[in-house]
Amino acid sequence: MQDPTKTHVRSDQPTAPGATSAAMPDVAPILRMRNVSKTFPGVKALRNVELTIYPGEVHALMGENGAGKSTLMKILSGAYIPDPGADIQIDGQPVHITGPLAAKALGIAIIYQELALAPNLTVAENIYLGREARNGPAIDRAAMFAGCNDILTNLGASFGPRTLVGDLSIAEQQMVEVARAIHAKSRILVMDEPTTALSSRETQRLFQVILRLKAEGLAIIYISHRMAEVYELAERVSVLRDGGYVGTLDRHQVDPESIVRMMVGRDLSSFYKKEHRPDAARTPVLAVQNLGDGHRVKSGSFTLHAGEVLGLAGLVGAGRTELARLIYGAEPRTTGTVTLLGKPVDFRTPAEAIDAGIVYLTEDRKAQGLFLDMTVGDNINLGVIGRDATAGWLNRVRARLRSLAAIEAMAIRVPGPEIAVGTLSGGNQQKVLLSRLLETQPKVLILDEPTRGVDIGAKSEIYRIIDRLAQTGAAVLVISSELPEIVGIADRVVVMREGETRGEVGGSTGVSITEESIMALATGVAIDKVAA
Amino acid sequence: MSEIISDAKPIRRPERRAQMRSFVRSIGMLPVLIILGILIQLGGIYFTGEGRFLTWQNLSIVAQQASINAVLAAGMTFVILTGGIDLSVGSILAAAAVVGLLVSQTLGDLGILAALITGLIIGLGNGLLIAFLRLPPFIVTLGSLTAVRGLARLLGNDTTVFNADLPFAFVGNGAIQIGPVSVPWLIVIAFLVIVLSWLILRRTVLGVHIYAVGGNEAAARLSGIKVWAVLLFVYGISGLLAGLGGVMQAARLYAANGLQLGQSYELDAIAAVILGGTSFVGGIGSIWGTLIGALIIAVLTNGLILLGVTDVWQYIAKGAVIIGAVALDRYRLRGSART
């Protein structure tokens with residue numbers, strides 16, 4: 001379906017005069033961003049970033065979390081205004097993208113990870129949202145349905161324009177977003193990690209759509225962490241690091257090692273830290289047996305020992321977070337037992353779990369963890385202010401000393417505890433949240449995606465903190481979707497699939513902890529097939 | 001966002017900005033209050049030839065007029081800080097006043113206690129429905145706004161309850177000698193309520209938990225805060241303070257009418273809280289702001305009367321101030337860094 005003669009051909013375009021890249025020298029870039037900077041209070045999120053995109057290419061944009069990819073794309077989509085001095089050209093014409101509408105008018109469409117659709121409206125109404133077809137003063141639904149049909153058929157969609165978006169799967173909703181972009185005659189389509197929530201079959205279908213759009217001359221900026229996808233799709237790869245532009249590789253130069261080196265900026269050998277030794281006595285601290293909620297968690301079983309870092313792996317939706325929340329008492333359980341230090345426990349609220357010495361680091365620190373408007377000090381102390389208090393009266397002096405000590409111990413980069421936590425970077429926010437948990441001096445820590453949305457430096461610091469905790473005898477359960485992370489820091493790994501713990505690697509199992517052995521259990525495919 | 005803050009120097013600026021912001025937030029609308037006072041004084045001199053606003057006697061009247069609203073608004077501050085709303089305070093005030101007067105006819109001073117308990121019980125009822133049945137506060141208190149109004153009429157047999165020999169009439173009309181000045185009891189009570197609220201909000205664990213629940217309820221629950229207890233407390237204290245407002249109102253009038261007393265008081269209380277800079281979505285705000293908000297409303301009412309503005313236009317002006325306050329709330333939220 002990809003017609004090679006159609007690719008890159010835009011004969012009406014003059015030849016690019018100063019095309020520096022080796023790729024596509026005969027075509028003018030559709031988008032050229034140069035000298036783009038963006039400053040937030042206290043943080044320079046982008047520094048003189050550049051990006052050149054040609055029509056009919058899939059251009060991968062890579063970088064660690066916090067590298068500035070989203071900020072750059074938000075500038076492109078008009079959500080942010082860049083610092084003065086930015087030079088953005090479309091078809092060689094300098095443009096000022098002053099807002100989302102201006103971006104749309106320039107033919108720029110963005111499909112975010114969180115899809116921006118109204119689930120209560122039909123597919124056609126969503127595609128036409130803001131540009132409704134009218135017949136006089138009345139909305140012309142018939143015209144809208146008809147107008148969508150062709151696009152949907154072309155995309156190979158299995159649903160019609162009258163379907164309610166809320167009834168569609170995530171993959172289908174994504175298709176609606178793509179259809180909306182096409183219908184708006186977009187020429188630059190940004191896709192932000194579009195495959196995160198898709199199955200492999202859905203991913204393949206999406207790739208077919210992307211290749212078709214590319215063949216029709218659209219420029220696609222594809223943001224992804226997944227090397228295999230980038231390798232399969234992208235003509236060129238641009239890499240950002242810490243808000244700066246590192247470089248662009250052509251397809252024949254792309255290999256995983258060079259991209260990782262560009263993204264990280266240094267060798268990865270000292271990145272993970274594993275100095276703790278699992279307790280020789282293997283004292284079981286937390287034993288979970290057949291735990292379930294009769295819904296998303298069917299049966300979770302594992303044993304966590306003192307001084308051990310146990311990984312809990314699995315695909316998104318395998319029930320890892322839900323299992324953790326059952327243990328923590330955040331959701332009611334229907335089956336199974338939890339044993340803490342030999343005693344059966346059944347926490348009905350998180351408060352009871354904390355009192356017993358179990359803490360849980362949420363995977364969504366902004367929505368479920370932090371109090372963004374409250375100070376760093378209050379956020380750190382929140383779990384223990386009751387213990388510091390006398391008959392309910394706060395001990396402000398002790399609280400301040402405590403938070404200062406935590407800021408020092410965790411190397412949280414903040415001028416003082418009186419700053420609102422919402423103004424900090426992701427890594428520092430995460431360290432504040434971790435401090436709150438540690439202040440309760442827990443015996444068991446359940447860390448759900450402890451390095452999500454933090455930059456590479458803070459990541460490495462968090463690994464060190466986890467290692468230090470295990471050295472002091474704490475039992476740590478780390479839930480992570482990043483396989484290199486799990487492989488790098490865990491002593492053993494328990495793997496979940498479809499709501500059940502399906503097996504274990506590392507430790508006494510004799511199976512070594514590798515991405516392949518974990519994926520085999522997570523997907524239910526035999527190891528030799530995955531490794532092949 | 002990338003973590004470029006690596007050395008100590010460049011972060012001084014955001015810290016100062018944060019301090020600045022919290023300062024602006026805490027003094028809130030004080031400049032507005034002062035300017036309003038000056039304008040009314042100047043307007044009085046210009047239109048009537050004498051500035052009757054800035055006299056001790058008038059300011060004392062303004063403070064007395066603000067006092068009942070300040071007490072209701074203090075309770076409302078607790079509720080709104082958790083992201084909730086209490087529409088029932090006006091009706092609770094009426095019910096409590098009726099109960100207080102009825103009890104005072106036979107048991108004297110115990111009428112005060114009866115009124116307070118009435119308010120507390122109704123407030124806790126609101127809190128129970130909101131904390132345990134997870135019903136939206138707006139709907140629960142909208143229901144009790146109507147139901148408790150009916151209850152107030154029922155208790156008073158749908159007539160005005162009198163007690164000419166009200167033993168606690170001094171609350172509404174008496175004054176206490178503090179040094180050289182005699183301060184009306186209404187003002188003393190309102191001030192004590194404000195100070196007590198400040199102590200609870202700023203100096204107790206409960207206070208921190210109230211801000212936490214308003215800032216992020218899901219996070220509060222996961223951090224081990226008993227969210228239900230916090231909600232029960234805020235609606236309980238809102239009811240209790242509405243009951244206190246009932247005592248103050250009854251003591252002023254020696255009478256209570258279940259139909260008329262406290263009509264739309266909840267709106268004045270909400271307006272005071274919002275004028276005081278408390279965020280309508282919860283988590284941000286201070287009790288001193290609420291006091292200023294209550295004073296602005298009282299000064300506005302008093303000033304418009306002094307200037308000879310008709311009752312009709314007073315309503316329009318007050319409404320415009322409330323909308324302006326919400327606009328300010330929006331503006332303030334946009335200015336704060338929510339990354």
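Residues numbered from 1 in each chain as written. Chains lettered and ligands numbered in written order. Predicted model: local features only at pLDDT ≥ 70, side-chain atom pairs only at ≥ 80, totals over all residues.

Student: Before we go on, may I ask you to explain the overall build of chain B in this structure?
Tutor: Along its length, chain B carries 14 helices and four strands. Looking at the 339 residues of chain B, the share that counts as buried comes to 50%. A separation of at least 24 residues holds for 77% of the contacts in chain B among residues at least 6 apart in sequence. (Helix = DSSP H or I, 4+ residues; strand = E, 2+ residues; numbered from the N terminus. Buried ≥ 20, exposed ≤ 12 C-beta atoms within 10 Å, placed from the backbone. Contact = placed C-beta atoms within 7 Å.)

Student: I keep staring at the overall build of chain A and nothing clicks. Help me out?
Tutor: When helices and strands are tallied, chain A shows 19 helices and 22 strands. Taking 24 Å as the expected radius of gyration for a compact globule of 532 residues, we find that chain A reaches 25 Å, a close match to that expectation. Judged by the C-alpha coordinates and their principal axes, chain A covers about 75 × 55 × 50 Å. The buried share of chain A, taken over its 532 residues, is 48%. (Rg over C-alpha atoms; globule rule 2.2 N^0.38 Å.)

Student: I'm lost on the sheet that holds strand β14 (residues 300-305) of chain A in this one. Help?
Tutor: Sheet strands associate in pairs through backbone hydrogen bonding, adopting either a parallel or an antiparallel arrangement. All names here are of chain A. Reading across from one edge, β14-β13-β16-β17 is the order of the four strands in this open sheet, with antiparallel pairing throughout. Where the open sheet ends on each side, the last strands, each with one partner, are β14 and β17 (343-345). Each neighbouring strand pair of the sheet contributes to a mean axis angle of 20°, computed without reference to strand direction. Pairing of strand β13 (residues 284-292) with strand β16 (residues 335-340), which is carried by five bridges, proceeds in the antiparallel orientation. Paired with L286 across the two strands is L340, which belongs to β16. (Pairing = 2+ DSSP bridges. Axes fitted to C-alpha atoms, helices over the stretch in contact; angles between N-to-C directions.)

Student: Even after reading the chapter, I still don't get the nonpolar core, so can you show me in this structure?
Tutor: As a rule of thumb, nonpolar side chains are buried together in soluble globular proteins. I446(A), V476(A), V478(A), V71(B), A95(B) and V247(B) are the most contacted members of the largest nonpolar core, which totals 181 residues. When residues of this core are assigned to their parent elements, the largest contribution, 14 residues, is made by helix α11 (residues 227-253) of chain B. When residues of this core are sorted by domain, at least three fall in each of domain 3 (266-357 + 442-532) and domain 4 (372-440) of chain A. Excluding residues within four positions of it along the chain, A95(B) makes contact with T118(B), I122(B), V148(B), L151(B), A152(B) and L155(B). (Core = buried A, V, L, I, M, F, W, Y, C linked by C-beta atoms within 7 Å. Domains from an automatic or database assignment.)

Student: Explain the sheet that holds strand β19 (residues 444-448) of chain A to me, please; I cannot follow it from the model alone.
Tutor: Residue and element names in this part refer to chain A. The sheet built from six strands is open, its strands ordered β18-β19-β20-β15-β21-β22 with mixed pairing. Each end of this open sheet is capped by a strand with a single partner; those strands are β18 (358-361) and β22 (500-506). Direction aside, neighbouring strands of the sheet carry axes that sit 20° apart on average. Sheet strands in contact with helix α16 (residues 456-471) are β15 (309-314), β19 and β20 (475-479), and its direction is about 150° off that of β20. Here helix α18 (residues 515-523) sits on the sheet in contact with β15, β21 (492-497) and β22, set at roughly 25° to β21.

Student: How should I be thinking about the environment of L401(A) in this particular structure?
Tutor: All names here are of chain A. Among the structural elements, L401 can be located in helix α14 (residues 396-410). The exposure class assigned to L401 is partly exposed, which follows from the 13 C-beta atoms found within 10 Å. In this structure the C-alpha to C-alpha distance between L401 and P417, which are 16 residues apart in sequence, comes to 9.6 Å.

Student: What is the right way to read the packing of helix α3 (residues 56-81) of chain B against helix α8 (residues 185-203) of chain B from this model?
Tutor: Relative placement of two packed helices is described by the angle separating their axes and the distance separating the axes. Residues and elements named next belong to chain B. Running from N to C, α3 and α8 point in directions that differ by 25°, and their axes come no closer than 8 Å. As far as their axial angle goes, α8 and α3 are roughly parallel. Every pair of crossing elements has a handedness; the one defined by α3 and α8 is left-handed. Residue-level contacts link A63, Q64, S67, A70, V71, A74 and T77 of α3 to L186, I187, I189, A190, V193, I194 and S197 of α8. Within the contact of α3 with α8, the residues separate by chemical class into ten nonpolar, four polar and no charged. (Parallel < 35°, antiparallel > 145°, perpendicular 65-115°, else oblique. Left-handed = near helix turned anticlockwise from the far one by under 90°. Nonpolar A, V, L, I, M, F, W, Y, C, P; charged D, E, K, R; others polar.)

Student: Could you clarify how one ought to interpret α14(A) in this entry?
Tutor: Note on helix geometry: an α-helix contains 3.6 residues per turn, so any two residues three or four positions apart are oriented the same way. All names here are of chain A. Compared with an ideal rise of 1.5 Å per residue, which puts 15 residues at 21 Å, α14 spans 21 Å between its outermost C-alpha atoms and is within 8% of the ideal. Listed as buried for α14 are A399, R402, S403, A406 and I407. The arc that holds every buried residue of α14, seen down its axis, measures 135°, which confines them to one face. Facing away from the buried surface of α14 by more than 90 degrees, the exposed residues are V397 and E408. Backbone geometry just downstream of α14 places A411 in the positive-phi region, at approximately 55°. (Expected span 1.5 Å × (residues − 1). Arc of directions from axis to C-beta.)

Student: How should I be thinking about the pairing of strand β3 (residues 181-184) of chain B in this particular structure?
Tutor: Two faces, one strand: in a regular strand the side chains alternate between the faces of the sheet. Taken together, the four bridges between strand β2 (residues 175-178) of chain B and β3(B) define a ladder with antiparallel strand orientation. The residue bridging Q177(B) from the neighbouring strand is S182(B), located in β3(B).

Student: For this particular structure, what's the right way to read the packing of helix α15 (residues 426-439) of chain A against α16(A)?
Tutor: All names here are of chain A. Put simply, α15 and α16 touch, their axes get as near as 9 Å, and they point 20° apart. As judged from the angle between their axes, α15 and α16 are roughly parallel. Crossing of α15 against α16: the hand is right-handed. Across from G427, Q430, K431 and L434 in α15, the residues of α16 making contact are G457, A458, I462 and I465. Grouping the amino acids of the contact of α15 with α16 by side-chain chemistry returns four nonpolar, three polar and one charged.

Student: What exactly am I supposed to notice about the domain arrangement of chain A here?
Tutor: Size of an interface: often given as the accessible area lost when the parts come together. Residues and elements named next belong to chain A. Partitioning chain A into structural domains gives domain 1 (1-107 + 187-265), domain 2 (119-185), domain 3 (266-357 + 442-532) and domain 4 (372-440). Centre-to-centre separation of domain 3 and domain 4, based on C-alpha positions: 26 Å. Across the contact, eleven residues belong to domain 3 and ten residues belong to domain 4. At five residues, the largest contribution of residues to the side of domain 3 that touches domain 4 is made by α16. Grouping the amino acids of the side of domain 3 that touches domain 4 by side-chain chemistry returns seven nonpolar, two polar and two charged.

Student: Is there a simple way to think about helix α1 (residues 69-76) of chain A in this case?
Tutor: Residues and elements named next belong to chain A. In terms of burial, α1 is largely enclosed, as eight of its eight residues are buried. For α1, the set of buried residues is K69, S70, T71, L72, M73, K74, I75 and L76. Looking at the residues trailing α1, positive phi occurs at G78, about 85°.

Student: How should I be thinking about the pairing of strand β4 (residues 87-90) of chain A in this particular structure?
Tutor: Residues and elements named next belong to chain A. Of the two faces of β4, only the one carrying I88 and I90 is buried; D87 and Q89 on the other face are not. With four bridges connecting them, strand β1 (residues 31-40) and β4 associate as antiparallel partners. Considered in β4, the bridge of M33 is made with I88. Bridge analysis of β4 against strand β5 (residues 93-94) gives two bridges, and the strand direction is antiparallel. By the bridge assignment, I90 is partnered in β5 with Q93. Remark: two residues form the turn of the hairpin made by β4 and β5, two consecutive strands paired antiparallel; D91 in that turn has positive phi of roughly 50°.

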